[in-house]
Number of protein chains: 2
Amino acid sequence: MHKGLQTHPNFYFLLLSILQVGLNTVEAVWPLPQTFISSSEQYRLNPQTFYFGYGMQSAAQPGCTVLDSAFKRYFSLIFLDLTSGYGALRFSVDKPFSVEISVDRDDCDGYPSEDSSEKYNLTVSAGRASLNAQTVWGALRGLESFSQLVYQDDFGSYFVNKTEIEDFPRFQFRAILLDTSRHYLPVQTILKTLDAMAYSKFNVFHWHIVDDPSFPYQSRTFPDLSAKGAFHPMTHIYTQSDVRRVISHGRLRGIRILPEFDSPGHTKSWGKGQSDLLTPCYNGGIPSGTFGPINPALPSTYTFMATLFKEVSSVFPDSYIHLGGDEVDFTCWRSNPDVRAFMQAMGFGGDFTKLEAFYMENIMNITSALNKTSIVWQDVFDYHERRSSLSVVEVWKEGCYLCEVRRVAKAGLKVILASPWYLDQPGPSHNWARYYTVWPLAFKGTEEQKKLVIGGEVCMWGEYVDATNLMPRLWPRASAAAERLWSDEQQTSNVDKAFPRLQEFRCKLLRRGIQAEPLYVGHCKHEYQGI
Amino acid sequence: MHKGLQTHPNFYFLLLSILQVGLNTVEAVWPLPQTFISSSEQYRLNPQTFYFGYGMQSAAQPGCTVLDSAFKRYFSLIFLDLTSGYGALRFSVDKPFSVEISVDRDDCDGYPSEDSSEKYNLTVSAGRASLNAQTVWGALRGLESFSQLVYQDDFGSYFVNKTEIEDFPRFQFRAILLDTSRHYLPVQTILKTLDAMAYSKFNVFHWHIVDDPSFPYQSRTFPDLSAKGAFHPMTHIYTQSDVRRVISHGRLRGIRILPEFDSPGHTKSWGKGQSDLLTPCYNGGIPSGTFGPINPALPSTYTFMATLFKEVSSVFPDSYIHLGGDEVDFTCWRSNPDVRAFMQAMGFGGDFTKLEAFYMENIMNITSALNKTSIVWQDVFDYHERRSSLSVVEVWKEGCYLCEVRRVAKAGLKVILASPWYLDQPGPSHNWARYYTVWPLAFKGTEEQKKLVIGGEVCMWGEYVDATNLMPRLWPRASAAAERLWSDEQQTSNVDKAFPRLQEFRCKLLRRGIQAEPLYVGHCKHEYQGI
C-alpha cells in the first residue's frame, strides 16, 4: 500500500554503518569541526565528580554571565537522565573529570557581533578536557561540541573519548529567519528555536517581525502600530520586555538578534496604526480607499521612519539592521497623482525604480546615521544605481542565484545567500540533502570576492507555518544547512556519509526536547514524548 | 523575499466573510451535518448551571460507561477556560441549561461495529437541548456537534444558538491509518490521535501495527516476535495492556480499532523472532542468507498464522481484520527450489500470483473461521481468481482509482477508498482542498454497486512520520477528508465555502490542544502554546 516513496538507495548499507560504528562514532559532532581527531580510548564521566571551571589564565572568571549560565545549561544537557529524573545518582569511585575553559578576552557582558571570533580548541584527555577560545562566543561553540561528544552505554553510564578538536566557522553569518507577521509565534517558540539554533551553531536570528498581515512589535514611540496593526492588541504582540527576553536568550547562546522592518512594500499592517504613511491608491482619478506601499513623496514619511528606526536601533543592540526593500508593487504609486507630481519634480520621469531607490537611499541614510549597517533584499541591489551606498545584500530569488551572488560580490558588496534554503516551501519534507548540497562559493570570482560572501540564511516564512508545525519543519533540515555554513566543504560534500551522522544528531535533538522530524525509517533510543 | 507561494485567490473575500459572519457562524459544525437549521436567537450557558443528563425514555441511564465519560469529557471541552484555569466561576442569575440525551438501545458496554447507527437529532432551544439517537455511538456524534455549537463572546461568556440538526454519516467506514512499524509511536500519540479523530467524526483507527522495519506488537503466544523484531524489546513495543488502552480509548469515542497484520510481504521483522517463517532466498543455487516474503510452501506457516490470528482475534474485538496482501515481490520465491517444487506439485506452473492467491485464501479461511471479516489491499483483488472469497477490498493505488473502485463494486465486493488520501506524501502541505475535492462515487455504476463503497481512509505511512510531526501533518488536512466522508456531497462541494469553516474548525482543534497546522496567513484567538 505504498506509492511514490523514494527509498534511499543506500539505506541498508547506511544502517549497517551505524550499527558498526556504534553510538560513539568518530565524528559525533554536528556540524563537523574543521579538525577532529579522536581515539577509542574512553573516559567515564560521573555527574557527581564532573565540573566545568575557568582556566587560571582565562580572561573570564566566575561571574562571567555568558559562561556561568552555559556551564549550568550544558551540565543539564550532558546529564539529561539525571535532570529529567530517569537516572539515579550513585556512589562511585570514579575520578573527577573537569572541563577547563579559558578565553583570551572578557567579553562576558557584551553581545556577539559580526566580528566575534568563534574559533575554539578542545582537547579531551584522561580526567580533563581543556577548551580554549579567543572569546566567550567561541567557548560556547566548544561547549556545544563537548556536549555532543558525551554518550551513554546501555547501562546508562556516561563516556567521552579522547579527542582533539580545532574548530572555526567557514562563514561568519549563519542565520535563521522567522516570520512573526503572517502568523504570530509565542515567545516560548522563539526561545526554543534559539535553543535549537545553538545546537547547530547558528549565530544570527533574523527576526522578520512585521509585514503586511500584522504588526506585532509594540513600539514605545508609536504604540498604535501594534494596538491597531497586530492580530490582537494584547495577546498577539511582542512587548518591549518580550523583545528583551529574546535578545538576552540569544546573547547567552552567542546568537545575534537581527530585526527586519521591511519597507516600503510589505507594510499594509503599518497603515492601520499610522495614518498618512501608506500611499492612497487611486481608481479613475479618485482615491479608491485602498493603500499601497509607504508613501515616498511625503516628508512626514521620513520623519516617521527616522523616529521608528531610532527606537529600533536602541532596542536591538546588533550593529546590523535589515531594511527589506523587496517586492514593491508600483501600481498604487502610479495611480496616485501626488506621487506622480513628486516624480516629475524630482526628475524621475516615469521610472518608479528611481523613486524606490530614492526612498531606500533615505532609509539607509537614516540607519547609517544611527551607526547601523543595513542589509537589504537583492531587489534593492538590482534596481539601485548608486550601489556604493549599499552594504550587505541578501540573495533570495530562485534561478541562478550564484549569478546574483557573483554580481553583488563583483560590485564589492557583502552577500548573504538565502535562495537555496527556503525551508517553508512545500516539497518533499524529508529531502534534507537538497539543503546540504549547496555550494555557496561555486562561482567565478577572485578570492577577495568570495570573502564578501559572509554567510547564508535559512528562511522560514509564515504563510503556512506557526507554532504547531514550525519545529518539525525546521529541524533537522536547517541543521543540514548549518553544516554547510560551518564546516569545511571538502570534508562534508558526501550526502551518504552525512546521513548517519545527521540521523544521530537528530536523535540528540529529540533527546533535548526539540521536535525534529525523522529523516527516514528507524528509531531513536529516546523518542519524542511531547504528545 | 517570497517565491512560488500561491496566494489563495479569494483570500480577502473570504476574510471578509469571516468577519461578517462572526464567531457564531450559521454552519459552525465540522463536518457539516446533513440538515442544519439555526437562528440568531442565542442562549447564555453558565458552567455552574449547565448539565448533561439522560432522558426519561432513554434506554441508557446513569452508569452508562460510554455516555457518563462523554458527559465529563465534553463538559471540559465546552468550558475550556474553566478547566484550563483561564476563567473564573462567577455567581450568576443565569437559568439552568440542560442537555438531555436519549438513546433507543443500551449498548453502553459494547463496541462500535460496522452496523452501528451513528444517526442523531439535536434540538437546541431556550434552557435545554435534546439529543436523540438510536445508539450511544450516535449520541457521541451529537455531543461532538453540540460542543462545536458553543462559542464565547469577547467577555468570555458562553453562548449557543437556537439550532435544529438531523444528522447521519454518508459513509459507514471513515478511517485513519497509522503506521507503527516504520517509526514507533508512543501510546500517548495514538490516544491523542483518537481524540482528534472523534472531533472530526472519524470512526475507525486502522492500526498498521507491524511491517518490515519493526514488530512492536507484543504477542502473548509468540513473545519473540517483538523481543527480537521490535526496534527495542522494552521501550518500542505495545504490550497487551497498551493495546487494551487503545481499544478502550477508542470505544469510549465510538472508534473501532482495526488491526492489520500484513502478509505475506512486508514481514521482514517477523523473521527475527520466528524461524522458518520467511522464505530463504537463493543465489546461484545456494541460500544467500537473506529472506523474502512468508514461505507459503510450508505447512508450519499456516499453523503459525492460525495461532497468531487466533490471539489477534481475541485481543481486538472488532469483527474486521486487515490482512494486507500488498506488494509481494516474487524474486525470492522464484529463487527458492522448495517453493518452485511446491508450485509444480500444486499445478501452479510458473504463475506466482497463483501461489500468492493460494496463500491469501488460506489466511482468509483462518480468519473467517475466527468469525472475522477480512479486508485486503487491492493487489489481492487484482490477482485473485476466486474473487467471491474476498469480502472487503481497500483501493490504494494511484491513477484511475475510481476505475478500480468500480471493478471491485462490479464484482459485488465492498470497497474502501484510500488512494486520494495519502496524507504522508510529500507535497504542498497546505493543499487541503486536494483532499476535500474527492468524489468517491463518481463512477458509472448501479445504486447497489455504489452502496458497496463503504467508506474511505486517510493513510499516514511512517517513512517520514513519527511523534514529532504526526499531528500537524494529519490535522487539519484529515478533517477535509472527514467532511467528504460524513457530509452530503451536494452541500459540501465548494472549496471557497469550506475554507472559512475549516479555518474556524482548526482554531477549535488548537483550543483543544491538537497541533493542527495553519491553512493560510491568519491567527486564532488561542494559539497553540505547546512549545
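Residues numbered from 1 in each chain as written. Chains lettered and ligands numbered in written order. Predicted model: local features only at pLDDT ≥ 70, side-chain atom pairs only at ≥ 80, totals over all residues. Heavy atoms only, no water.

(A) Molecular detail of the overall build of chain A. Looking only at helices and strands, chain A has 19 helices and 17 strands in total. Relative to the 2.2 N^0.38 estimate, which gives 24 Å for 531 residues, the radius of gyration of chain A is 25 Å and therefore close to what a compact globule would have. In terms of its C-alpha atoms, chain A occupies a principal-axis envelope of roughly 85 × 55 × 50 Å. Restricting the contact set of chain A to residue pairs at least 6 apart, pairs at least 24 apart contribute 74%. In the structure as shown, chain A presents an accessible area of about 19900 Å², 53% of it carried by carbon and sulfur atoms. With 51 positive and 56 negative side-chain charges, chain A shows a separation of 2 Å between the mean positions of the two kinds. (Helix = DSSP H or I, 4+ residues; strand = E, 2+ residues; numbered from the N terminus. Rg over C-alpha atoms; globule rule 2.2 N^0.38 Å. Contact = heavy atoms within 4.5 Å. Areas by Shrake-Rupley, 256 points an atom, 1.4 Å probe, with all protein chains shown as cover. Lys, Arg positive; Asp, Glu negative; His and termini not counted. Charge placed at Lys NZ, Arg CZ, Asp CG, Glu CD.)

(B) Representation of the interface of chain B and chain A in the model. Listed as interface residues are 61 residues of chain B and, on the opposing side, 61 residues of chain A. Run the count over chain B and chain A and you get four salt bridges. Taking the shortest distance from any N to any O, the salt bridge between B:Arg473 and A:Glu517 comes out at 3.3 Å. Counting across the interface, chain B meets chain A through 22 residue pairs in polar contact (both at pLDDT 80 or more). Classifying every residue of the side of chain B that touches chain A by side-chain character gives 25 nonpolar, 20 polar and 16 charged. (Salt bridge = Lys/Arg side-chain N within 4 Å of Asp/Glu carboxyl O. Polar contact = N/O pair within 3.5 Å; in protein donor to acceptor, adjacent residues only side chain to side chain. Nonpolar A, V, L, I, M, F, W, Y, C, P; charged D, E, K, R; others polar.)

(C) Representation of the pairing of strand β13 (residues 320–324) of chain A in the model. Residue and element names in this part refer to chain A. In terms of residue burial, β13 counts as a mostly covered element, since five of its five residues are buried. Residues Tyr320, His322 and Gly324 point to one face of β13 and Ile321 and Leu323 to the other, with burial holding for every one of them. In this structure, strand β10 (residues 256–263) lies alongside β13, joined through two bridges in parallel fashion. What sits directly across from Ser263, in β13, is Gly324. (Buried < 20%, exposed > 50% of the residue type's maximum accessible area, 1.4 Å probe, protein only. Pairing = 2+ DSSP bridges.)

(D) Spatial organisation of the side chain of B:Ser487. Inspection of the secondary structure puts B:Ser487 in the loop between α18 (477–486) and α19 (495–511). When residues no more than four places from it in sequence are discounted, the contact partners of B:Ser487 are B:Pro31, B:Leu32, B:Gln34, B:Arg170 and B:Thr492.

(E) Seen up close, the sheet that holds strand β13 (residues 320–324) of chain B. Residue and element names in this part refer to chain B. Spatial strand order, β8-β9-β10-β13-β14-β15-β16-β17: eight strands in a closed barrel with parallel pairing. Each strand of the sheet is rotated relative to its neighbour by a mean of 30 degrees, with strand direction disregarded. Summarising the sheet, strand β14 (residues 373–377) and strand β15 (residues 392–395) pair through three bridges and their orientation is parallel. Paired with Val376 across the strands is Val393, a residue of β15. Helix α5 (residues 187–199) rests against β8 (173–179), β9 (204–208) and β10 (256–263) of the sheet, and its axis sits at about 150 degrees to β9. (Axes fitted to C-alpha atoms, helices over the stretch in contact; angles between N-to-C directions.)

(F) Quick peek at the relation of the copies chain B and chain A. The operation relating chain B to chain A is a screw motion whose rotation component is 180 degrees, with 0.0 Å of axial translation and a residual RMSD of 0.0 Å. Such a turn and shift between the copies fits a two-fold axis. A share of 100% of interface residues in chain B that are also interface residues in chain A marks the association as one of identical surfaces. (Least-squares fit on C-alpha atoms with pLDDT ≥ 70 in both.)

(G) Spatial organisation of α18(B). Counting buried positions along α18(B) yields 10 of 10 residues, so the element is predominantly enclosed. Every buried residue of α18(B) is listed here: B:Arg477, B:Ala478, B:Ser479, B:Ala480, B:Ala481, B:Ala482, B:Glu483, B:Arg484, B:Leu485 and B:Trp486.

(H) Main features of the packing of helix α2 (residues 65–78) of chain A against helix α4 (residues 136–149) of chain A. Residues and elements named next belong to chain A. Running from N to C, α2 and α4 cross one another at 10 degrees; their axes reach a closest spacing of 10 Å. Between α2 and α4, the interaxial angle falls into the category roughly parallel. Residues Val66, Leu67, Ala70, Phe71, Arg73, Tyr74 and Ile78 of α2 touch α4, and the partners they reach there are Val136, Trp137, Ala139, Leu140, Leu143, Glu144, Phe146 and Ser147. Split by residue class, the contact of α2 with α4 holds 12 nonpolar, one polar and two charged. (Parallel < 35°, antiparallel > 145°, perpendicular 65-115°, else oblique.)

(I) Region of the structure containing the pattern of salt bridges. Going through the model one piece at a time under the given rule, you end up with 34 salt bridges over all chains. Close ionic contact of B:Arg501 with B:Glu483 constitutes a salt bridge, the shortest N to O distance being 2.8 Å. In this pair, B:Arg501 sits in helix α19 while B:Glu483 sits in helix α18, placing the two residues 18 residues apart along the sequence. Looking at B:Glu483, the relative accessible area reads 0%, which means it is buried. Among the charged side chains, a network of salt bridges with common partners joins A:Asp179, A:Arg182, A:Asp211 and A:Glu463.

(J) Seen up close, the packing of α5(B) against helix α7 (residues 240–252) of chain B. All names here are of chain B. It is the contact of α5 with α7, at a shortest axis distance of 10 Å, that shows an interaxial angle of 10 degrees. Comparing the axis directions of α5 and α7 gives the class roughly parallel. Residue-level contacts link Val187, Gln188, Ile190, Leu191, Leu194 and Asp195 of α5 to Asp242, Arg245, Val246, His249 and Gly250 of α7. In the contact of α5 with α7, the residues fall into five nonpolar, three polar and three charged.

(K) Looking closely at the state of the cysteines. Residues and elements named next belong to chain A. Evaluated as defined, the whole model comprises eight disulfides over all chains. Paired through a disulfide, Cys507 and Cys524 show a sulfur-sulfur distance of 2.0 Å. Judged by the torsion about the S-S bond (-80 degrees), the Cys507/Cys524 disulfide is left-handed. Placement of Cys507 in helix α19 (residues 495–511) and of Cys524 in the segment after α19 is noted, with a sequence separation of 17 residues between them. (Disulfide = S-S within 2.5 Å.)

(L) Summary view of the pairing of strand β3 (residues 97–103) of chain B. All names here are of chain B. Counting buried positions along β3 yields six of seven residues, so the element is predominantly enclosed. For strand β2 (residues 50–54) and β3, the ladder comprises five bridges, and the chain directions are parallel. Counterpart to Tyr54 in the pairing with β3 is Ile101. Bridging between β3 and strand β5 (residues 128–133) involves six bridges; their strand directions are parallel. Within β5, the residue paired with Ser102 across the bridge is Asn132.

(M) Seen up close, the side chain of B:Glu311. Here B:Glu311 shows up in helix α9 (residues 299–315). With near-sequence residues (within four places) excluded, B:Glu311 lies in contact with B:Tyr217, B:Gln218, B:Ser219, B:Arg220, B:Thr221, B:Phe222 and B:Gln240.

(N) A look at the environment of B:Thr367. Considering the arrangement of structural elements, one finds B:Thr367 in helix α12 (residues 352–369). Those residues in contact with B:Thr367 that sit more than four places away from it in its chain are B:Phe309, B:Ile321, B:Leu323, B:Lys372 and B:Ser374.

(O) Molecular detail of α5(B). Residues and elements named next belong to chain B. Helix length check: α5 (13 residues) gives 19 Å between terminal C-alpha atoms against 18 Å at 1.5 Å per residue, within 8%. Burial of α5 is extensive: 11 of the 13 residues sit out of reach of the surface. Directly after α5, the chain includes Lys201, whose backbone phi takes a positive value near 60 degrees. (Expected span 1.5 Å × (residues − 1).)

(P) Representation of the packing of aromatic side chains within the structure. Residue and element names in this part refer to chain A. The tally for this structure, following the rule as stated, stands at 76 aromatic pairs over all chains. Aromatic pair Phe202 and Trp475: ring centres 6.1 Å apart, planes at 65 degrees, arrangement edge-to-face. Linking Phe202 in the loop between α5 (187–199) and β9 (204–208) with Trp475 in the loop between α17 (470–474) and α18 (477–486), this pair joins segments that are 273 residues apart in sequence. Pairwise contacts between aromatic rings join Tyr184, Phe205, Trp207, Phe215, Tyr217, Tyr238, Phe261, Trp270, Phe309 and Phe316 into one cluster. Seen from the ring of Trp486, Lys201 lies directly overhead, with NZ or CZ sitting 5.6 Å from the centre. The cationic tip of Arg512 hangs over the ring face of Tyr199; the distance from NZ or CZ to the ring centre is 4.6 Å. (Phe/Tyr/Trp six-rings, centres within 6.5 Å; stacked < 30°, edge-to-face > 60°. Lys NZ or Arg CZ within 6 Å of the ring centre and 35° of its normal.)

(Q) Main features of the sheet that holds strand β14 (residues 373–377) of chain A. All names here are of chain A. The sheet built from eight strands closes into a barrel, its strands ordered β8-β9-β10-β13-β14-β15-β16-β17 with parallel pairing. Put simply, the sheet's adjacent strands are angled 30 degrees from each other on average, direction ignored. Here β13 pairs with β14 via three bridges, running parallel. Its bridge partner lying in β14, Tyr320 is registered against Thr373.

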